[in-house]
Each structure stands twice: as structure tokens, then as C-alpha cells.
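# Analysis of the macromolecular model
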Amino acid sequence: MRVRNKPWAKELLEENPKFVILKPEEHKGRLHEFFGNNNPIHIEVGTGKGRFITEMAKANPNINYIGIELSTSVIVTALEKIIEDQIPNVKLMNVNAEKLTDYFADGEISRLYLNFSDPWPKTRHEKRRLTYKRFLAIYEQILKPNGEIHFKTDNRGLFEYSLVSFSNYGLLLTFVSLDLHKSDYEGNIMTEYEEKFSKRGFPIYRSEVMFGSQNKSYAKTEDTE
Ligand code: SAM
């Protein structure tokens, strides 16, 4: 993604400690205090400009959301949305997902969303994919037992790779759609990338997987027209 550098972005993040978790290590294991309630916490890794996480927060006031994004120039757009709508149950962290275990205690998170993660198509870049086994181990540590990953992408190669990676890791596949927008799945909230790629006619792939389930069962599939 080509991103315009925004030198003022860091300052805007620092001026908004109500919405941005500026020193996440200090809140590890105590994030419910930051939100002021004990509601479950769902995170999106690679939240981009934040449409998904902000709309999810508005639609689900009893869930706390955290958007994780590496790029300061990108996450600042998510912050502008949160400031404008004064959404109480969504916060942002401008950090690298590689370090999530520094910021979240074991089992602190209930669900993790990955939306349109960078595909890193070259084999030598496999370790950078957010569904590579090293990342799955990080997610497993911070998620509750039976915690879930919900994953969407327009990239068939990344989707197939991720399903294999999930399966090799022992995750239980509980939902799969090979064409989300033509399926009867309800309540989908589109991301910025999702809108862009679906307008170009690409199908959107979606899966849900769960850690730690002993009872293996067949995944639900979506009937598509
Ligand atoms: N989820 C958004 C959407 O669907 O519109 C953005 C998708 S964009 C292709 C992927 C985003 O993930 C980028 O903004 C990138 O900076 C972020 N990202 C990539 N690797 C990351 C990492 N290790 N930690 C945090 N964010 C990351």
C-alpha cells in the first residue's frame, strides 16, 4: 500500500490518550481498566484506516475493540473517525503485531480479526504473512481458550495458504465462504480494501477458526448462488 507520509500523525495520536493506548506495556493484563468495564475484547490486526473496527464498535457497544496498526500515517485516519464519532468502545495501538505478547496478557483477548492482510506472495517472505505459524503462536497466547480468528481477504493464494497454516497448527475451521458477498452471511461490515476489491469484481474469501477445541467437526459452508 502506498501511503502518504503524514508528519503530524504522531502528534495527533499523542494528543488523544483517550482513544490511543500510547504505552500498551503499562496496560498489559489490565485493559478492562482502560475501557472502564469487563466486556470482552476483540482486536483487529492490520486495522488500516479503521472503517471495520469503528463500525463494529458502533454496532456492538458491549464489546471492546482495539485496532492494531503498524503505520502511523494510516492509523491516524482511524483515529480521526473515532474522534469525530466519539466512540467509547474502540481504542488504537500503533504497534507491530510481532510484539503482541508484550502488550496483552495470556488469554486477555476473545477474538482476533485479520482483514485483507498483506499477501507477501514470494515464498521467501512467508514468515511475514500474518497467518504464518509464528503469528498463530502469538495469537494463541493472547487469546482465551477457544478464542477465534476471523479472516477475510480478496487474495485466493493467501486464503489457501492460511487455511493450510490454520489446519497444520491444529485450529478448528468453523466457517468458510469462497464468495462472501454472494453468500447468505449476515452482518458483514466492509473494510476499505474490501470495498475497493469487491467493486472490481473480486470475490471475498472468509473463514473463522478456533483454538483449542477438542471436538473436531465439519466446517459450515455458505451456499453461494
Ligand atoms: N484491514 C484494512 C482493510 O481491509 O482495509 C487494511 C488492509 S492493508 C492491505 C494491511 C494493513 O496491515 C496495512 O495498513 C499494514 O500497515 C498493516 N500491517 C501489516 N503488517 C503489520 C504488522 N506486523 N503489525 C501491524 N500492522 C500490520
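Within every chain, residues take consecutive numbers counted from 1 along the sequence as written. Where totals are concerned, whole chains, interfaces and linings use all residues; where local detail is concerned, this predicted model gives features only for residues with pLDDT of at least 70, and gives and counts side-chain atom pairs only at 80 or more. Working from all heavy atoms in the structure, the side-chain values ignore hydrogens and water.

One speaks of a salt bridge when a side-chain nitrogen belonging to Lys or Arg is within 4 Å of a carboxyl oxygen belonging to Asp or Glu. The final tally for this structure, using the stated rule, is twelve salt bridges. The residue R51 makes a salt bridge to E195 at a minimum N-O spacing of 2.3 Å. On the criterion of sequence distance, the pair formed by R51 in helix α3 (residues 51-59) and E195 in helix α8 (residues 192-199) is long-range, its members being 144 residues apart. Classification of residues uses two cut-offs on accessible area relative to the type maximum, computed with a 1.4 Å probe and protein chains only: under 20% is buried, over 50% is exposed, and between them is partly exposed. According to the relative accessible area criterion, R51 is partly exposed, its value standing at 23%. What makes E195 partly exposed here is its relative accessible area of 26%. One salt bridge in this structure joins K152 and E194, with 2.7 Å as the shortest N-O distance. With a gap of 42 residues between them, K152 in strand β5 (residues 143-153) and E194 in helix α8 connect regions that are remote in the sequence. You can call K152 buried: its relative accessible area is 3%. What makes E194 buried here is its relative accessible area of 0%. Runs of H or I in DSSP of at least four residues are treated as helices and runs of E of at least two as strands, each being numbered from the N terminus.

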